[in-house]
2 protein chains.
Amino acid sequence: MARPRAFDEGVALGAAVDGFWSQGYGAAGTRDLAARMGLTTASFYNAFGDKRGLFLKALDRYLDEGSRRRFARLDGLAPREAITTYVADVVERSLADPLHRGCLLINSALDVTAQDPDMRDEIAGGLDEIRGFFLRHLQAGQADGSIAASQPAEDLARLFLGVVVAMRVMARVNPDRALLEGMARPALSLLDPR
Amino acid sequence: MARPRAFDEGVALGAAVDGFWSQGYGAAGTRDLAARMGLTTASFYNAFGDKRGLFLKALDRYLDEGSRRRFARLDGLAPREAITTYVADVVERSLADPLHRGCLLINSALDVTAQDPDMRDEIAGGLDEIRGFFLRHLQAGQADGSIAASQPAEDLARLFLGVVVAMRVMARVNPDRALLEGMARPALSLLDPR
DNA sequence: ATTTAATTGGAGCGATCGATACAGAACCGG
DNA sequence: CCGGTTCTGTATCGATCGCTCCAATTAAAT
């Protein structure tokens, strides 16, 4: 019927993720994005609509290949280990980040949300998936006794979401292991059964 | 000797704070800033150098009139009350924020830091003042027995900084009282002496 | 071989970006 | 009243912004 694409949409989207991640949604220019993706402007707009649409696809892709994939793996572990492993993983990824790019989702929370309710909801949804991960395992751990029940699982999940968010923010400005690990330590101590 | 300024530099700087706060450093345009400040572009650049210089002055002003002033007041309270009052205050300010502007300092952490080490240090310094506030009062509270010593004051200070940062970020995307208060509750429970 | 539909390259739209240039206006000390 | 110095208003710089348009190209369907 028609001329086929000379590029792989998935590969191009991956490059777009990188672009938004490195520069932020606002600061990423469509020309630079298209160049990273190996597309001309025409193909860029033809295939992805506009910058906003591309970003929504890129964010979804980022979550699929990042946190969602990680959660799926950790869901096989014991509740306590799932939580501690994920938190330790965030520390390591935050420190092994020479360009200080942090996390696209969390960066976008402060970049994109200003006047765009749809995007805000999208980002809020991504963050809520993190809270959901913690909540699942906290409830399971409290049920089997491996996690203290002195605080409601709902509140602990909120706190751990907060710790992860804060680590990602702080690491962009001050990527200091003592700070990140010290932040996590008292929160993790709340898991210990009495 | 020369023609005097037709504007008050302090008032203009206050308007600049508002501009950066509402739109973010990157998204704030010099024309819009100058208009908010009641200046022509010539006066804008003459008085403040450039956008970057203006931002540094604006951030310093923001900290002076915000967190530094608040800390000075709270330093009169008992350690535990200073901490709980400040945390409760952040919750209320985050929720009473119809434009979702959040905190200029924390917003800037993710907006500005990319390629500007000087600004990054400036922002890191502002965040460290928050950690310092918590550390002071945690140490005092542990010394007088009003705060549990089961966790090192250094780590608790890092956690509370994290909680405050996370509340400010989350509130921009999902300003939900249950989330913010639930995040603070387990952290504050760590203060309770056994 | 011709039709049809999609992609591609690239020029270019109007708007905005941060920053500057320059002429005239305003005030001071003399 | 005047020289000196700073401020103000406006026009404008070159670059970039997101995005559109169109002719040329490509390949599948007929």
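Right, let's walk through the structure included here. All values reported here derive from a predicted model rather than from experimental measurement.

1. Quick look at the layout of surface pockets
Part 1 of the reasoning: Of the pockets and cavities examined, the largest pocket occupies roughly 820 Å³.
Part 2 of the reasoning: What lines the largest pocket is a set of 40 residues, and nearest its centre among them are A:Leu110, A:Asp111, B:Gln23, B:Ala27 and B:Asp111.
Part 3 of the reasoning: Across the lining of the largest pocket, the residue classes tally to 18 nonpolar, 14 polar and eight charged.
Part 4 of the reasoning: Approximately 430 Å³ is the volume attributed to the second largest pocket.
Part 5 of the reasoning: Lining the second largest pocket are 15 residues, with A:Ser189, A:Leu190, A:Arg194, B:Leu190 and B:Arg194 positioned closest to its centre.
Part 6 of the reasoning: Of the residues in the lining of the second largest pocket, the class split is five nonpolar, six polar and four charged.

2. Overview of the protein's contact with DNA strand C
Part 1 of the reasoning: The local shell around DNA strand C holds 25 residues, among which A:Ala6, A:Ser43, A:Asn46, B:Met1 and B:Thr30 are the closest.
Part 2 of the reasoning: Backbone atoms, meaning sugar plus phosphate, form 59% of the atoms of DNA strand C positioned within 4 Å of the protein.
Part 3 of the reasoning: The side chain of A:Arg5 places a nitrogen or oxygen atom 2.7 Å from a phosphate oxygen of DNA strand C.
Part 4 of the reasoning: One of the side-chain nitrogen or oxygen atoms of B:Lys51 is found 2.8 Å away from a phosphate oxygen of DNA strand C.
Part 5 of the reasoning: Looking at the surface near DNA strand C, the elements that each hand over two or more residues are α3 (41-48) of chain A together with α2 (30-37) and α3 (41-48) of chain B.
Part 6 of the reasoning: Grouping the amino acids of the surface near DNA strand C by side-chain chemistry returns 12 nonpolar, six polar and seven charged.

3. Observations regarding the relation of the copies chain A and chain B
Superposition of the two copies of the chain requires a rotation about an axis and a shift along the axis.
Part 1 of the reasoning: Least-squares fitting of chain A to chain B yields an RMSD of 0.1 Å, with the transformation described by 0.0 Å of translation along the axis and a rotation of 180 degrees. This pairing of chains is accounted for by a two-fold axis. Ranked by how close their C-alpha atoms come to the rotation axis, the residues of chain A are headed by A:Ala166, at 2.5 Å.
Part 2 of the reasoning: When the interface residues of chain A are mapped onto chain B, 100% of them again lie at the interface, so the same face is used by both copies.

4. Quick look at the protein's contact with DNA strand D
Part 1 of the reasoning: Around DNA strand D, 24 residues are found, and the nearest of them are A:Arg3, A:Thr30, A:Arg31, B:Ala6 and B:Ser43.
Part 2 of the reasoning: The contact in question runs from a phosphate oxygen of DNA strand D to an N or O atom on the side chain of B:Arg5, over 3.2 Å.
Part 3 of the reasoning: Contact between DNA strand D and B:Asn46: a phosphate oxygen at 2.9 Å from a side-chain N or O atom of the residue.
Part 4 of the reasoning: For the surface near DNA strand D, the elements supplying multiple residues, two or more each, are α2 (30-37) and α3 of chain A together with α3 of chain B.
Part 5 of the reasoning: In terms of residues, the surface near DNA strand D owes the most to one element, α3(B), which gives four residues.
Part 6 of the reasoning: The class makeup of the residues in the surface near DNA strand D is 10 nonpolar, seven polar and seven charged.

5. A closer look at unusual backbone geometry
What you tend to see is this: most non-glycine residues have negative phi, and most peptide bonds are trans.
Part 1 of the reasoning: One non-glycine residue, A:His100, lies in positive phi territory at about 55 degrees.
Part 2 of the reasoning: Inspection of the secondary structure assignment puts A:His100 in the loop between α5 (79-95) and α6 (104-111).

6. Here's the deal with the interface of chain A and chain B
Part 1 of the reasoning: Taken together, the 37 residues of chain A in the interface contact 37 residues of chain B.
Part 2 of the reasoning: In this structure, the connection of chain A to chain B is made through two salt bridges.
Part 3 of the reasoning: For B:Arg185, the salt bridge goes to A:Asp155, with nearest N and O atoms at 2.4 Å.
Part 4 of the reasoning: Broken down by class, the residue content of the side of chain A that touches chain B amounts to 22 nonpolar, eight polar and seven charged.

7. Focus: the packing of aromatic side chains
Part 1 of the reasoning: In the structure shown here, the tally under the stated rule is 22 aromatic pairs over all chains.
Part 2 of the reasoning: Between B:Trp21 and B:Tyr62 the ring centres are 5.0 Å apart and the planes differ by 80 degrees, which places this aromatic pair in the edge-to-face class. Residue B:Trp21 is found in helix α1 (residues 9-23), and its partner B:Tyr62 is found in helix α4 (residues 51-74); the two are separated by 41 residues along the sequence.
Part 3 of the reasoning: Chaining the aromatic ring pairs together yields one cluster made of A:Phe71, A:Tyr86, A:Phe133, A:Phe134 and A:Phe160.
Part 4 of the reasoning: The cationic tip of A:Lys51 hangs over the ring face of A:Tyr25; the distance from NZ or CZ to the ring centre is 4.9 Å.
Part 5 of the reasoning: Directly above the ring of A:Trp21 sits A:Arg101, whose terminal nitrogen or CZ lies 4.0 Å from the centroid.

8. Here's the deal with empty space enclosed by the protein
It is a probe the size of a water molecule, rolled over the atoms, that shows where empty space is left.
All names here are of chain B.
Part 1 of the reasoning: Scanning the model with the defined rule gives one cavity of 30 Å³ or more in all.
Part 2 of the reasoning: Its volume calculated, the largest cavity comes out at about 110 Å³.
Part 3 of the reasoning: Lining the largest cavity are 14 residues, with Tyr-62, Ser-67, Tyr-86, Arg-93 and Cys-103 sitting closest to its centre.
Part 4 of the reasoning: Among the elements that make up the lining of the largest cavity, the one with the highest residue count is α4 (five residues).
Part 5 of the reasoning: Here the residues of the lining of the largest cavity sort into nine nonpolar, two polar and three charged.

9. Quick word on α3(A)
All names here are of chain A.
Part 1 of the reasoning: Listed in full, the buried residues belonging to α3 are Phe-44, Ala-47 and Phe-48. Along α3, the residues classed as buried sweep out an arc of 85 degrees about the axis, all on the same side. Residues of α3 that are exposed and angled more than 90 degrees away from the buried face: Ala-42 and Asn-46.
Part 2 of the reasoning: Among the structural elements, α1 (9-23), α2 and α4 (51-74) are those in contact with the buried residues of α3.
Part 3 of the reasoning: Positive phi appears at Gly-49, one or two residues downstream of α3, with a value of about 85 degrees.

So, how was this worked out
Residues numbered from 1 in each chain as written. Chains lettered and ligands numbered in written order. Predicted model: local features only at pLDDT ≥ 70, side-chain atom pairs only at ≥ 80, totals over all residues. Heavy atoms only, no water. 1 Å grid on protein atoms, 1.4 Å probe; cavity = no way out; pocket = protein on both sides within 12 Å on 5 of 7 lines; lining within 4 Å. Points joined across faces, edges and corners; volume = space filled by probe spheres on them. Nonpolar A, V, L, I, M, F, W, Y, C, P; charged D, E, K, R; others polar. Near = heavy atom within 4 Å. Polar contact = N/O pair within 3.5 Å; in protein donor to acceptor, adjacent residues only side chain to side chain. Helix = DSSP H or I, 4+ residues; strand = E, 2+ residues; numbered from the N terminus. Least-squares fit on C-alpha atoms with pLDDT ≥ 70 in both. Contact = heavy atoms within 4.5 Å. Salt bridge = Lys/Arg side-chain N within 4 Å of Asp/Glu carboxyl O. Phe/Tyr/Trp six-rings, centres within 6.5 Å; stacked < 30°, edge-to-face > 60°. Lys NZ or Arg CZ within 6 Å of the ring centre and 35° of its normal. Buried < 20%, exposed > 50% of the residue type's maximum accessible area, 1.4 Å probe, protein only. Arc of directions from axis to C-beta.

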